[in-house]
Amino acid sequence: MKEVIIVGSGINGLVAANYLVKHGFNVSVIEKKPTTGGACVKDSTIIENKNIDFAYGATVLGMMPDFIFQETGLSDKIEGYYPKTPKLVYFNDEETSTKIYQDYVKLEKELYEKWGEKGRVNEFRNDENKVVKFIQKLYRNATSPSVDIANDHLGKDLTSLWITGSAKNLLDHYFSSEKTKLYMGMTVIESGPASIYDPGTAFTIPLMDSGSIFDGYWGFVKTGIWKITENLTEINRRLGVKFYLDSEIQEVDNKSNSVSFSKINKDYKLNYDHLIFATDPVTPSKLINDFSNNIDLDLIGTSGKVTAFFKNPVRWKDSNNYSDSFRFIFSVDSLNSFEDASQNALKDLDNYFPGFIQVYPEGSAQRKMNNKEDFDKLIFFTKNFSYNKEAKNLNDIKEKIISTVIPHIENPEDLVYSKFLTPKDLNETFLFPKGNIDHSTLTGDQNYHKRTFSDNKDNFYSYYDYENIFYCGAGSFPCGSVAGTPGYMCSKQIIRNL
Ligand SMILES: Cc1cc2nc3c(=O)[nH]c(=O)nc-3n(C[C@H](O)[C@H](O)[C@H](O)COP(=O)(O)OP(=O)(O)OC[C@H]3O[C@@H](n4cnc5c(N)ncnc54)[C@H](O)[C@@H]3O)c2cc1C
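Since this is a predicted model, take the numbers as computed values, not measurements.

> Summarise the side chain of threonine 201; cite the residues concerned and give the values.
By secondary structure assignment, the location of threonine 201 is in the loop between helix H7 (178-185) and helix H8 (204-207). Only 3.0 Å separates the side chain of threonine 201 from the backbone nitrogen of alanine 167, close enough to count as a polar contact. Excluding its chain neighbours within four sequence positions, the residues that come into contact with threonine 201 are Gly165, Ser166, Ala167, Val188, Ala194, Ser195, Ile196, Leu442, Thr443, Gly444 and Asn447.

> Before we move on, can you summarise the sheet that holds strand E15 (residues 327-330) with the specific residues and values?
If you walk across this open sheet you meet the 7 strands as E7-E6-E15-E16-E17-E14-E18, and the pairing is mixed. Single-partner strands in this sheet number two, and they are strand E7 (98-100) and strand E18 (415-421). Within this sheet the neighbouring strands show an average axis-to-axis angle of 20°, counted without direction. Sheet topology places strand E14 (residues 303-310) next to strand E17 (residues 376-383); 8 bridges connect them, and they run antiparallel. Counterpart to lysine 305 in the pairing with E17 is phenylalanine 381. Running at roughly 125° to E15, H7 makes contact with strand E6 (87-90), E7 and E15 of the sheet. Against the sheet, helix H13 (residues 395-405) makes contact with E14, E15, strand E16 (356-360), E17 and E18, and its axis sits at roughly 125° relative to E18, the strand it touches most.

> Please give an account of the pattern of salt bridges that cites residues and values.
Should their charged atoms come close, side chains of opposite charge can pair. This model, assessed by the stated rule, comprises 20 salt bridges. Linking lysine 419 and aspartate 43 is a salt bridge whose minimum nitrogen-to-oxygen distance equals 2.7 Å. Of the two residues, lysine 419 sits in strand E18 while aspartate 43 sits in strand E3 (residues 42-47), which places them 376 residues apart along the sequence. A residue is classified by how much of its surface remains accessible, and aspartate 43, at 13% relative accessible area, is buried. A salt bridge links glutamate 79 to lysine 222, with the nearest nitrogen and oxygen atoms 3.7 Å apart. Here glutamate 79 is found in the loop between helix H2 (66-71) and strand E5 (80-81), whereas its partner lysine 222 is found in the loop between strand E8 (220-221) and helix H9 (226-239), with 143 residues between them in sequence. Residue lysine 222 is classed as partly exposed on the basis of its relative accessible area of 27%. Here the salt bridges share partners, and the residues they tie into one network are Lys168, Asp172, Glu178 and Lys181.

> Let's hear about the nonpolar core: which residues, and what values?
Membership of the largest hydrophobic core comes to 108 residues, with the highest contact counts inside it found for Ile6, Val27, Trp162, Ile228 and Phe477. In terms of residue count, the dominant contributor to this core is helix H1 (residues 11-22) (8 residues). Counting only domains with at least three residues in this core, you end up with domain 1 (3-79 + 222-293 + 453-496) and domain 2 (83-213 + 299-430). Not counting the four nearest positions on each side in its chain, isoleucine 6 is found in contact with Gly13, Ala16, Ala17, Leu20, Val27, Ser28, Val29, Ile30, Ile276 and Ala278. Phe310, Trp316, Phe380 and Leu394 belong to the second-largest nonpolar core, a separate cluster that totals 24 residues.

> Before we move on, can you summarise the site of the ligand with the specific residues and values?
What surrounds the ligand is a group of 34 residues, the closest being Asn12, Glu31, Val60, Ser481 and Val482. Glutamate 31 has a polar side-chain atom sitting 2.6 Å from an oxygen atom of the ligand. Contact distances for the ligand include 2.7 Å between an oxygen atom and a backbone N or O atom of serine 481. Contact with the protein chains hides 96% of the accessible area of the ligand, taken as 1000 Å² for the molecule alone. Elements with a minimum of two residues in the shell around the ligand: H1, helix H10 (283-288) and helix H14 (423-430). Taken together, the residues of the shell around the ligand sort by class into 17 nonpolar, 13 polar and 4 charged. Per-domain counts for the shell around the ligand show at least three residues from each of domain 1 (3-79 + 222-293 + 453-496) and domain 2 (83-213 + 299-430).

Parameters at a glance
- Residues numbered from 1 in each chain as written.
- Predicted model: local features only at pLDDT ≥ 70, side-chain atom pairs only at ≥ 80, totals over all residues.
- Heavy atoms only, no water.
- Helix = DSSP H or I, 4+ residues; strand = E, 2+ residues; numbered from the N terminus.
- Polar contact = N/O pair within 3.5 Å; in protein donor to acceptor, adjacent residues only side chain to side chain.
- Contact = heavy atoms within 4.5 Å.
- Pairing = 2+ DSSP bridges.
- Axes fitted to C-alpha atoms, helices over the stretch in contact; angles between N-to-C directions.
- Salt bridge = Lys/Arg side-chain N within 4 Å of Asp/Glu carboxyl O.
- Buried < 20%, exposed > 50% of the residue type's maximum accessible area, 1.4 Å probe, protein only.
- Core = buried A, V, L, I, M, F, W, Y, C linked by side-chain atoms within 4.5 Å.
- Domains from an automatic or database assignment.
- Near = heavy atom within 4 Å.
- Areas by Shrake-Rupley, 256 points an atom, 1.4 Å probe, with all protein chains shown as cover.
- Nonpolar A, V, L, I, M, F, W, Y, C, P; charged D, E, K, R; others polar.

Structural data, given as structure tokens:
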């Protein structure tokens, strides 16, 4: 039986373990932390004498391929849900929100009336769908991404527009209004300060819509998203995966193919045929002790998160009937100011440069799924922070974020507690090298076919030229998220190349 060691038990390590153990490998997972889950875990606090669990890192589900959800066995355990109501977008100079309808005829009308959009909204949707279908095919077949494959499937025009081109060029091609461009392009900087002028950044836009669990939309998991990794751990245990938690790796010996580690004062040494790193991309080189391959990555993250707890359900001043809609509050109103805010955070010119806040209505979604909780929860996923300070030193900024959302709420007096995380906290809490939620920034040089360490297109997940060492964390194609796609693709390629 072939021995596989997986380092890291986040969603990617867990998905890889699931596919490999089912293929007959003997799988051992070594995890530094006392629990599995990586950045998809819960945090807990006590509010008014009640113990409250909430999503520590990741909150919403959307990028997972539906086949991973089904094939891992998660679909038997997890209840999920995504809102069909329109998303609501707010700009400073507007009294009411603009509604992002799922129906494109209604959307086109709304964007024209609210933002004067005279571009090609429907064509954008149709073209994006073609690109998304193409990406989904890569996922399913575990095909390494390449420009040639894109050219073959999409043609040269769509490839240069959507895959190798810049986000700025893509947005200018389809839209006339700055506000439409901002809304449609905001995901380019979701993980970190990628410049919208950078070739290769257009790809992030369809990428973020390429999940199939909720048809490309984003939604919620009953109780909380950590149920995904909790359940997958249990499924894997039952399938025979061995977990070594709370374990500190001492040595990876790639001559004798063994890993030595200690766990509660006991030393272990395991041999491997295949060694997979499902960690951040910097950890393998440290553990292999090989710095000959110079790790030169853009790692900076600029995303922060505030979780706000209300003692009664939040009542929105605008469109309260859409209480489970995602809301987006922009502090910038042009692509130039959007780019400046993002780049200024990269340059560390100040602690916080307001860009946009994505408001996730976790509490309302839980009520929809009949999960009664003591407090309503809203999550404010916020851009742009410099990588310099922990949340505990930025209380004024937490207050600023809250005071941007609160004017939209009828019952602000019900806000009883909030928790704030900055990129620096994400580094310390989740071991993300420079706080990026995708482990490394989705710049054009680290996107699509360039999101790999390997030169070999059949061994896309190889760690440099090591034959039996692989990397499938969030820093590999396609990117992070509670999706498990890199873990799946890597395990499939290992099986295929046996
Ligand atoms: C604040 C925040 C909000 C986010 N929001 C969302 C969201 O709403 N939706 C979404 O889909 N995604 C979201 N993400 C991104 C998502 O959580 C990550 O991209 C994803 O969880 C990464 O999974 P992974 O398995 O690649 O890595 P990780 O989850 O980082 O797992 C890597 C594992 O490796 C372990 N490890 C590291 N070094 C070692 C070592 N030396 N030895 C042993 N083990 C080691 C770590 O402890 C960890 O358990 C968010 C992330 C954060 C932090």
